[in-house]
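Descriptive analysis of the structure
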Amino acid sequence: MNNGSRTLYRYPDEARFGGVCAGIAHYFNLETWLVRVLVVAGVILSGSFFFVAYFALWFILEKAPVKASSEKPVQLKNQVWQAGEPPRQAVKDLNEQFSRLEKRLRSLESHVTSTEFQLNRQISRL
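The structure contained in this document is the topic of the report that follows. (Residues numbered from 1 in each chain as written. Predicted model: local features only at pLDDT ≥ 70, side-chain atom pairs only at ≥ 80, totals over all residues. Heavy atoms only, no water.)

1. Describing the packing of helix α1 (residues 20-28) against helix α2 (residues 32-46)
- Interaxial distance between α1 and α2 falls to 8 Å at its minimum, and their mutual angle equals 120 degrees. Overall, the two elements α1 and α2 adopt an arrangement that is oblique. The interaxial crossing formed by α1 with α2 has right-handed handedness. Counted together, Cys 21, Ala 22, Ile 24 and Ala 25 of α1 and Thr 32, Val 35, Arg 36 and Val 39 of α2 form the full contact between these two elements. (Axes fitted to C-alpha atoms, helices over the stretch in contact; angles between N-to-C directions. Helix = DSSP H or I, 4+ residues; strand = E, 2+ residues; numbered from the N terminus. Parallel < 35°, antiparallel > 145°, perpendicular 65-115°, else oblique. Left-handed = near helix turned anticlockwise from the far one by under 90°. Contact = heavy atoms within 4.5 Å.)

Below is the structure:
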């Protein structure tokens, strides 16, 4: 994925039925609700084509790989239909992430500067 190529996956964790709409939304950087509305409209207007295509994609597409990081990247949305967060929410989320990181850093710093850590370090050198 680092070379700029994208792959279409299913996202069962964000699914209503199979995660196909969520996968299409991630692939095209759209809101999931918009893709769902378009699929439902397609099923109503064209009937069986969208219905069959949806279930074919449900069985053809692989599940999205699980990411190791629990922190999700913050994406800003420029248009209503784009995936992401409004700027105010994004700033709030970034502040929360920085607060959590600062607490972890303070905890790590207090551990490394403690006498117990230095004593264990001296013992391990022996």
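2. Here's the deal with helix α4 (residues 87-112)
- Under the 1.5 Å per step criterion, the end-to-end length of α4 is 37 Å for 26 residues, consistent within 8% with the ideal 38 Å.
- Those residues of α4 lying buried are Ala 90, Asp 93 and Gln 97. (Expected span 1.5 Å × (residues − 1). Buried < 20%, exposed > 50% of the residue type's maximum accessible area, 1.4 Å probe, protein only.)

3. Side note on the packing of aromatic side chains
- Summed over all chains, the structure comprises seven aromatic pairs.
- Centroid distance Phe 49 to Phe 50: 5.7 Å. Interplanar angle 90 degrees. Geometry classified as edge-to-face.
- Taking relative accessible area as the criterion, Phe 49 reaches 57% and is therefore assigned exposed.
- Aromatic side chains Phe 51 and Phe 55 sit 4.8 Å apart centroid to centroid with 70 degrees between the ring planes, which places their arrangement in the edge-to-face category. One end of the pair is Phe 51 and the other is Phe 55, both in helix α3 (residues 48-60) and four residues apart, which spans about a single turn.
- Overall, Phe 51 belongs to the partly exposed group, its relative accessible area being 47%.
- Among the residues examined, Phe 55 registers a relative accessible area of 31% and is labelled partly exposed.
- The structure contains a cluster of three or more aromatic residues connected by ring pairs, namely Phe 51, Tyr 54, Phe 55, Trp 58 and Phe 59. (Phe/Tyr/Trp six-rings, centres within 6.5 Å; stacked < 30°, edge-to-face > 60°.)

By themselves these figures say nothing about function.
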